[in-house]
Amino acid sequence: MGRYILAVNAGSSSVKVTFYTFANPPQAIADAQVSGITAPPPTLKYRRGPVKIKEELQEQFRTPQAAFQYLLQRCFRDPELSEVASDRDLAYICHRVVHGGDYREAVEINDETLHHLEALEDLAPLHNFSALEIVRLCRKELPSVTSITFFDSAFHHTLPVYVRTYPINQQIAKANGLRKYGFHGISYSFITRSVAQFLGTSQEQTNLIVMHIGSGASICAIKEGKSVDTSMGLTPLAGLPGATRSGDIDPSLVFHYTSEAGKLSPASTKEMHISTAEEILNKQSGWKALTGTTDFSQIAVENPPSEAHQLAFDILVDRILGYIGNYYVKLDGQVDALVFAGGIGEKSAMLRRTLVEKCQSLGMAIDTEANDKGPEDNQTVIDISKGAGKGPRVLICQTNEQFEMAYRTVCSRS
Ligand SMILES: Nc1ncnc2c1ncn2[C@@H]1O[C@H](COP(=O)(O)OP(=O)(O)O)[C@@H](O)[C@H]1O
Ligand SMILES: CC(=O)OP(=O)(O)O
Ligand SMILES: [Mg+2]
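Keep in mind it's a predicted model, so treat the numbers as computed, not measured.

## Looking at the overall build of the protein
- When helices and strands are counted, the protein shows 14 helices and 14 strands.
- Its C-alpha radius of gyration of 21 Å places the protein within 12% of the 22 Å reference for a compact globule of 414 residues.
- Overall, the protein is about 55 × 50 × 45 Å in size when its C-alpha atoms are taken along their principal axes.
- Burial status across the protein gives 53% buried among its 414 residues.
- Total accessible area computed for the protein in this model is approximately 19400 Å², and 49% of it derives from carbon and sulfur atoms.
- Separation between the mean location of the 40 positive side-chain charges and that of the 46 negative ones in the protein comes to 1 Å.

## What to know about the sheet that holds strand β11 (residues 226-230)
- Read across the sheet, 6 strands follow the order β11-β10-β9-β12-β14-β13 without closing on themselves; strand pairing throughout is mixed. Pairing within the sheet leaves two strands with one partner each, and these edge strands are β11 and β13 (381-383). Taken over all neighbouring pairs, the strand axes of this sheet differ in orientation by 25° on average, direction set aside.
- Two strands pair when backbone bridges link them, and strand β10 (residues 217-223) and β11 are joined in this way by 4 bridges, in the antiparallel orientation. Note that in β11 the partner of Ala221 across the bridge is Asp229.
- Lying on the sheet, helix α6 (residues 185-199) is in contact with β9 (208-213), β10, β11, β12 (337-341), β13 and β14 (393-397); it crosses β14 at an angle near 125°.
- Against the sheet, helix α10 (residues 307-330) contacts β9, β10, β11 and β12, and its axis sits at roughly 155° relative to β9.

## Details of the confidence of the model for the protein
- Of all residues in the protein, 99% have pLDDT values of 70 or greater, and the mean over the chain is 94.
- Across the predicted assembly, pTM comes out at 0.96 and ipTM at 0.97.

## Some words on the site of ligand 1
- Near ligand 1 there are 14 residues, and of these Ser215, Thr294, Asp295, Phe296 and Gly343 occur at the shortest range.
- Here an oxygen atom of ligand 1 sits 2.9 Å away from a polar atom, N or O, in the main chain of Gly343.
- Contact with the protein chains covers 71% of the free accessible surface of ligand 1, which is 580 Å².
- Of all the secondary structure elements, the ones that give two or more residues to the shell around ligand 1 are β2 (14-21) and α11 (342-347).
- Ranked by residue count, the leading element in the shell around ligand 1 is α11, at 4 residues.

## Some points on unusual backbone geometry
- Each neighbour pair has its own omega, and for Asn24 with Pro25 the value is 0°, a cis peptide bond.
- Along the chain, Pro25 turns up in the loop between β2 and β3 (28-35).
- Even without being a glycine, His184 presents a positive backbone phi close to 60°.
- With respect to the helices and strands, His184 occurs in the loop between α5 (170-176) and α6.
- Residue classification places His184 among the buried residues on the basis of a relative accessible area of 7%.
- One non-glycine residue, Asp332, lies in the positive phi region at around 55°.
- Relative accessible area serves as the criterion here: at 56%, Asp332 is assigned to the exposed category.

## A closer look at the UniProt feature "binding site: Mg(2+)" (unreviewed entry) in the protein
- Per the UniProt record, the feature "binding site: Mg(2+)" (unreviewed entry) sits at Asn9 and Glu401. A stretch of 393 residues holds the annotated residues, and the largest C-alpha distance among them is 7.5 Å, short enough that they meet in one place.
- Summarising the element assignment, Asn9 is placed in strand β1 (residues 4-10).
- Judged by its relative accessible area of 4%, Asn9 is buried.

## Points about the packing of aromatic side chains
- Scanning all chains against the criterion turns up 11 aromatic pairs.
- A ring pair is formed by Phe61 and Tyr70, whose centres lie 5.4 Å apart and whose planes are at 55°; its orientation type is tilted.
- Exposure remark for Phe61: the relative accessible area of 10% places this residue in the buried category.
- Here Tyr70 falls in the buried class, since its relative accessible area comes to 16%.

Conventions we followed
- Residues numbered from 1 in each chain as written.
- Chains lettered and ligands numbered in written order.
- Predicted model: local features only at pLDDT ≥ 70, side-chain atom pairs only at ≥ 80, totals over all residues.
- Heavy atoms only, no water.
- Helix = DSSP H or I, 4+ residues; strand = E, 2+ residues; numbered from the N terminus.
- Rg over C-alpha atoms; globule rule 2.2 N^0.38 Å.
- Buried < 20%, exposed > 50% of the residue type's maximum accessible area, 1.4 Å probe, protein only.
- Areas by Shrake-Rupley, 256 points an atom, 1.4 Å probe, with all protein chains shown as cover.
- Lys, Arg positive; Asp, Glu negative; His and termini not counted.
- Charge placed at Lys NZ, Arg CZ, Asp CG, Glu CD.
- Pairing = 2+ DSSP bridges.
- Axes fitted to C-alpha atoms, helices over the stretch in contact; angles between N-to-C directions.
- Contact = heavy atoms within 4.5 Å.
- pLDDT = per-residue confidence, 0-100.
- Near = heavy atom within 4 Å.
- Polar contact = N/O pair within 3.5 Å; in protein donor to acceptor, adjacent residues only side chain to side chain.
- UniProt positions renumbered as here; feature names shortened; annotations may be inferred.
- Phe/Tyr/Trp six-rings, centres within 6.5 Å; stacked < 30°, edge-to-face > 60°.

Here's what the structure looks like:
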């Protein structure tokens, strides 16, 4: 058996892979990602030790699986990365799977568990399909390596019944698994541990409001280290808007949008049954629909290029504030910190400043200089609050889903 762990994080528009040593804590030896799969040309980012490469690729990837295969071969063939040259060097492959249904823990893949996960694909075809295609590919092409799937939803198994239940016919709800699951849980698990460590408290004593704001965005209320509410629902569509997702809307909107909305979408294949409405609300909405760009760094600017850009920013701020107020009350005002994470949460000083200034009434304040500077590459958590002691601290956490999966693999198997 090899000595390295490969962690894979496949999204609809990007695939990230990281190789780790099997050590506690795991050390990353190389990190590669392809982004822009849906908006060609795709770009490659590759990091090996101090070496950083960024290039536009000639290749066109039709699917995340194809991008994964490209990344794997590129790493295996890199003469400077001789530690991992083939499947013989790998002990485990960790896969991020967004929807884990009722699974509370990670699952080692065998015929039976894979079959179970395939049944879940129906509940979340848009979000699980690519990840499971990569799992199937690994089983075929790297059969000697054990695959483990980690679920975004698992962290939220502690949601109270009244939070996870939708007020609809309960027989139908139970038969079809219709409830709030919540997502980004691999990230929330990493953040909870890292922030507790940073604050010098145990996780069981840590209460947080955490935002994972990337091209998919969610927020989570964490009480005594456990998720007690989160903004995503049955699928990652609920809650906050994202790059191409609407977030919460009146569900009736679907029936008024177009008479075609209920039909199968043109993207539906034999394996993947999604309706036109799902396609529109997941892939043709959000700030892309408002502004034409999925890149939030073009939206969060002092002088936005159009009113639509300003509107997209204001909508996100408004929806996030609604949840902060909601969760602050649900946590009885006992909040140790408000935490920013995810690509946008970690990089947009303007979004953080705007939000924290609007949370003044909760005793929060931001140190403008620390906020503008943001974290260094090697800093997992930093404090950007001003006037310590008055209200919740304001923190940035550079989250790392791949690390979290590798870490848990090492902890449970060494
Ligand atoms: N400096 C920045 N300011 C605002 N947004 C940024 C900045 N840099 C990157 N982003 C945004 O971060 C998002 C990607 O975040 P990430 O968490 O990696 O997303 P995902 O995992 O959902 O693909 C993109 O929408 C990108 O535009
Ligand atoms: C659950 C989800 O939305 O994931 P991502 O932010 O990676 O798209
Ligand atoms: Mg992500």
